Amino acid sequence: MAIRNVRELGDEVLRKKSREVKEITPRIRELIDDMFETMYEKDGVGLAAPQVGILKRIVVIDTGEEPLLMINPRILETRDSQTGGEGCLSVPGKVGTVTRPNYVRAEAYDENLERFEVEGTELLARAICHELDHLEGVMYVDKVEGELYDVTADQDDEEDEEDI
């Protein structure tokens, strides 16, 4: 496993659509392991493959419950809304206000390409939407209501301002 470089806003790979994963190869397994390691090293809640320069439909998320791997994910249903501070490992030191669904039901495939569904509310719903946007070349800064603002040490501890 290795820590990968996280691409930052302005890198053209972040604006491209990701390709479907058709088979699990040793390189894909290594990518998944590296993505988890990188996300934890950078204190993130989620990470999408394009953020480490790989245009594959893979995301990893950990909101503190249990780690979640989603391959070829797709949102099936959303309900209600939440508005709050949102950050991104690809936009370090910045936070902006974004409105997202408060409930999400999605389907994805695991490391064995077996289909599963996941439901999430609050932070998990926000993280799923944020990471799946990355797979379409969409960044949270495209959805920010108002301006981005600098994260201070005090804000780093607030749970509603996560680096997703």
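Note that the structure is a prediction, hence the values are computed from the model and not measured.

Calculation notes
- Residues numbered from 1 in each chain as written.
- Predicted model: local features only at pLDDT ≥ 70, side-chain atom pairs only at ≥ 80, totals over all residues.
- Heavy atoms only, no water.
- Helix = DSSP H or I, 4+ residues; strand = E, 2+ residues; numbered from the N terminus.
- Rg over C-alpha atoms; globule rule 2.2 N^0.38 Å.
- Buried < 20%, exposed > 50% of the residue type's maximum accessible area, 1.4 Å probe, protein only.
- Contact = heavy atoms within 4.5 Å.
- Areas by Shrake-Rupley, 256 points an atom, 1.4 Å probe, with all protein chains shown as cover.
- Lys, Arg positive; Asp, Glu negative; His and termini not counted.
- Charge placed at Lys NZ, Arg CZ, Asp CG, Glu CD.
- Expected span 1.5 Å × (residues − 1).
- Core = buried A, V, L, I, M, F, W, Y, C linked by side-chain atoms within 4.5 Å.
- Disulfide = S-S within 2.5 Å.
- Pairing = 2+ DSSP bridges.
- Axes fitted to C-alpha atoms, helices over the stretch in contact; angles between N-to-C directions.
- Phe/Tyr/Trp six-rings, centres within 6.5 Å; stacked < 30°, edge-to-face > 60°.
- Lys NZ or Arg CZ within 6 Å of the ring centre and 35° of its normal.

Re the overall build of the protein chain
So, point 1. A count of helical and extended segments in the protein chain gives three helices and nine strands.
So, point 2. Computed over the C-alpha atoms, the radius of gyration of the protein chain is 15 Å, within 12% of the 15 Å expected from 2.2 N^0.38 for a compact globule of 164 residues.
So, point 3. The principal-axis extents of the C-alpha atoms in the protein chain amount to approximately 40 × 35 × 30 Å.
So, point 4. Counting every position in the protein chain, which comprises 164 residues, the buried fraction comes to 48%.
So, point 5. Considering only contacts in the protein chain between residues 6 or more positions apart, those separated by 24 or more positions represent 69%.
So, point 6. Summing over all exposed atoms, the protein chain offers an accessible surface of approximately 8400 Å²; the carbon and sulfur share of this is 41%.
So, point 7. A distance of 10 Å separates the average location of the 20 positive side-chain charges in the protein chain from that of its 40 negative side-chain charges.

Remarks on helix 1 (residues 26-41)
So, point 1. With 16 residues, helix 1 ought to run about 22 Å at 1.5 Å a step, and its terminal C-alpha atoms sit 22 Å apart, in line with that.
So, point 2. Looking only at helix 1, the buried set comprises Ile-28, Leu-31, Ile-32, Asp-34, Met-35, Phe-36, Thr-38 and Met-39.
So, point 3. Where helix 1 is buried, its residues touch strand 1 (46-48), strand 2 (58-61) and strand 3 (68-79).
So, point 4. Positioned one or two residues after helix 1, Asp-43 has a phi angle of 60°, which is positive.

Digging into the nonpolar core
So, point 1. Ile-61, Leu-68, Met-70, Val-118 and Ile-128 are the most contacted members of the largest nonpolar core, which totals 18 residues.
So, point 2. Listing elements by their share of this core, those giving two or more residues are strand 2, strand 3, strand 6 (103-109), strand 7 (115-121) and helix 2 (122-135).
So, point 3. No other element matches the seven residues that helix 2 contributes to this core.
So, point 4. Not counting chain neighbours up to four residues away, the residues in contact with Leu-68 comprise Phe-36, Val-59, Val-60, Ile-61, Phe-116, Val-118 and Leu-124.
So, point 5. Counting residues in hydrophobic clusters, the runner-up holds 17 residues, among them Phe-36, Ala-49, Ile-58 and Leu-69.

Observations concerning the state of the cysteines
So, point 1. This structure, assessed with the given rule, holds zero disulfides.
So, point 2. Cys-88 takes part in no disulfide bond, and the closest cysteine sulfur to it belongs to Cys-129, at a distance of 14 Å.
So, point 3. You can call Cys-88 buried: its relative accessible area is 1%.
So, point 4. Accessibility expressed as a relative area gives 7% for Cys-129, which makes it buried.

Some words on the environment of Met-1
So, point 1. For Met-1, the position within the fold is in the segment before helix 1.
So, point 2. Distance from Met-1 to Met-35, taken between C-alpha atoms, is 8.9 Å for residues 34 residues apart in sequence.
So, point 3. Sequence-distant contacts of Met-1, that is, excluding residues within four places in its chain, are made with Asp-33, Asp-34 and Glu-37.

A look at the sheet that holds strand 2
So, point 1. As summarised here, the arrangement of the five strands in space is 1-2-3-6-7, forming an open sheet in which the pairing is antiparallel. A strand with exactly one partner marks an edge of an open sheet, and here the two such strands are strand 1 and strand 7. Each neighbouring strand pair of the sheet contributes to a mean axis angle of 35°, computed without reference to strand direction.
So, point 2. In this fold helix 1 packs onto strand 1, strand 2 and strand 3, with an angle of close to 35° to the strand it touches most, strand 2.

Digging into the packing of aromatic side chains
So, point 1. The final tally for this structure, using the stated rule, is one aromatic pair.
So, point 2. Looking at Arg-79, its charged tip hangs above the ring of Tyr-103, at a distance of 3.9 Å from the centre.

Here's the deal with the pairing of strand 4 (residues 82-87)
So, point 1. Counted residue by residue, strand 4 has five buried out of six residues, so it is predominantly covered.
So, point 2. Alignment of strand 4 against strand 5 (residues 94-100), held across five bridges, turns out to be antiparallel. Each residue of the ladder has a partner; that of Gly-85, found in strand 5, is Thr-97.

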